[in-house]
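In case you want the letters, here they are:
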Amino acid sequence: MTVMAPLIEVTLRGLVGRRRAILLLLLVALPVLIALLVRLTGGRPDADRVLDALVVRTVMPLVALIVGTAVIGSEIDDGTAVFLMIKPIARWRIAVSKAIVAIGLTAVLVLPAVIITGLILGSRTDTTATIVGFTVACFLGGSAYAVAFMALSVFTTRAFLVGLAYVLIWEGVLAGLLEGTKFLSIRQATLGIAAAFGADVPDDPLAVSVSVVVLAVVLVGGLVLASWRLARFEIRGGD
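Keep in mind that this is a model prediction, so the values were computed, not measured.

Trainee: Mind laying out the overall build of the protein, listing which residues take part and the relevant values?
Mentor: A tally of regular secondary structure across the protein gives ten helices and zero strands. Along the protein, helices and strands appear, N-terminal first, in the series α-α-α-α-α-α-α-α-α-α. Residue burial in the protein is summarised as follows: out of 239 residues, 46% are buried. For the protein, the share of sequence-separated contacts (at least 6 apart) that also reach a separation of at least 24 residues comes to 77%.

Trainee: Hey, could you go over the packing of helix α1 (residues 4-16) against helix α6 (residues 91-121) for me, with residue numbers and the actual values?
Mentor: Running from N to C, α1 and α6 cross one another at 45 degrees; their axes reach a closest spacing of 9 Å. Taken together, the axes of α1 and α6 are oblique relative to one another. For α1 against α6, the interelement crossing comes out right-handed. Contacts between α1 and α6 pair Met4, Leu7, Ile8, Thr11, Leu12 and Leu15 from the former with Arg93, Ile94, Val96, Ser97, Lys98, Ile100, Val101 and Leu105 from the latter.

Trainee: If you had to explain the nonpolar core to someone new, which residues and values would you point to?
Mentor: In terms of nonpolar packing, the biggest core is built from 64 residues, with Val63, Val67, Phe134 and Cys138 touching the most fellow members. Elements supplying a minimum of two residues to this core: α1, α2 (20-40), α3 (47-70), α6, α7 (127-155), α9 (186-196) and α10 (208-238). Aside from chain neighbours lying at most four places away, what touches valine 67 is Leu15, Leu24, Ala102, Leu105 and Thr106.

Trainee: If you had to explain the pattern of salt bridges to someone new, which residues and values would you point to?
Mentor: Counted by the stated rule, this structure contains one salt bridge. Put simply, aspartate 52 and arginine 57 hold a salt bridge, and the shortest N to O gap is 3.1 Å. Exposure remark for aspartate 52: the relative accessible area of 3% places this residue in the buried category.

Trainee: Could you give an account of α3, naming the residues involved and the relevant values?
Mentor: For an α-helix, 3.6 residues make a turn, and residues three or four places apart therefore share a direction. If you look at α3, its biggest bend is around 40 degrees, right at valine 55. Among the 24 residues of α3, 19 are classified as buried, and the element is accordingly described as predominantly covered.

Trainee: Give a description of the side chain of threonine 190 that names residues and reports values.
Mentor: Here threonine 190 is to be found in helix α9. Once residues lying within four places of it in the same chain are set aside, the contact partners of threonine 190 are Val56, Met60, Ala137, Cys138 and Gly141.

Trainee: A description of α6 should follow, citing residues and the corresponding values.
Mentor: Helix length check: α6 (31 residues) gives 45 Å between terminal C-alpha atoms against 45 Å at 1.5 Å per residue, within 8%. Helix geometry: α6 is bent most strongly at alanine 107, by close to 25 degrees.

Trainee: So what's going on with the confidence of the model for the protein? Which residues, and what values?
Mentor: Of the residues in the protein, 85% have a pLDDT of 70 or more, and the chain-wide mean is 83. Every residue in residues 235-239 scores below 50 in pLDDT, and together they form one contact with partners more than four places removed in sequence or on other chains.

Trainee: Provide a residue-level description of a nonpolar patch on the surface, including the pertinent values.
Mentor: A grouping of Leu33, Leu36 and Leu40 is seen on the molecular surface, where their side chains present a nonpolar patch of about 330 Å² in accessible area. With respect to the helices, strands and loops of the structure, leucine 33 is situated in helix α2. On the basis of relative accessibility, which here comes to 54%, the residue leucine 33 falls in the exposed class.

Trainee: If you had to explain the packing of aromatic side chains to someone new, which residues and values would you point to?
Mentor: Applying the stated criterion to the full structure yields two aromatic pairs. For the ring pair tyrosine 145 and phenylalanine 149, a centre distance of 5.8 Å and an interplane angle of 20 degrees mean the geometry is stacked. Residue tyrosine 145 and its partner phenylalanine 149 are located together in helix α7, separated by four residues, close to a single helical turn. Among the residues examined, phenylalanine 149 registers a relative accessible area of 4% and is labelled buried. Taken together, a centroid distance of 6.2 Å and an interplanar angle of 20 degrees make the contact between phenylalanine 155 and tryptophan 228 stacked. Taken as a pair, phenylalanine 155 in helix α7 and tryptophan 228 in helix α10 lie far apart in primary sequence, 73 residues in all.

About the cut-offs
Residues numbered from 1 in each chain as written. Predicted model: local features only at pLDDT ≥ 70, side-chain atom pairs only at ≥ 80, totals over all residues. Heavy atoms only, no water. Helix = DSSP H or I, 4+ residues; strand = E, 2+ residues; numbered from the N terminus. Buried < 20%, exposed > 50% of the residue type's maximum accessible area, 1.4 Å probe, protein only. Contact = heavy atoms within 4.5 Å. Axes fitted to C-alpha atoms, helices over the stretch in contact; angles between N-to-C directions. Parallel < 35°, antiparallel > 145°, perpendicular 65-115°, else oblique. Left-handed = near helix turned anticlockwise from the far one by under 90°. Core = buried A, V, L, I, M, F, W, Y, C linked by side-chain atoms within 4.5 Å. Salt bridge = Lys/Arg side-chain N within 4 Å of Asp/Glu carboxyl O. Bend = angle between axes of the 7 residues up to and from the residue. Expected span 1.5 Å × (residues − 1). pLDDT = per-residue confidence, 0-100. Patch = residues over 30% accessible without salt bridge, like charges linked within 9 Å, V, L, I, M, F, W, Y side chains within 5 Å. Areas by Shrake-Rupley, 256 points an atom, 1.4 Å probe, with all protein chains shown as cover. Phe/Tyr/Trp six-rings, centres within 6.5 Å; stacked < 30°, edge-to-face > 60°.

Here it is in structure tokens:
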């Protein structure tokens, strides 16, 4: 952990000190502002549906996409990753350090938005199940998104566009039309976790056991692939 601490600190400084921090804050404020607007206008929406539509389907994957592709992808793009690669640090440690930052920052940004939005929109009888369900689900789902997009950024310089296509096209359209492909959707696994904790999920979610397996495969697979790819950078540099 002492080896990874400097990597985590440097990565955090690079992310927080850029303009993307403002974009991320505006993005996570969106569901809270909409919830306040709904309350001020006298509306009584279903908190579960709002959290599903605004956070699970929109804010969470976009925040994870911005953070996940930036933790190491931006360093590869601007060439500063070379200074990291030449150091005698195991590549899996680099991958884990970047994943910790991506997961942590995604959680710090998304989870407060879930809790505040749930409190604003929920009634006294359903607030607990809704907030607990979606908070746990968004932590696990956001972690899977962040690691997946981090791994993707190590393989291609167009990781943001590919990730955006996955979120908008695959999860937004195809996963809903093709019933047999739900297990390939991080969003569906996230909803499965939320439903297991008592949240009233609008769609027919994956079973909790399947959801846990899907998210675990994404997390472990993303770390393994990122570590492998980073090791390949070292081989190419030696050549």
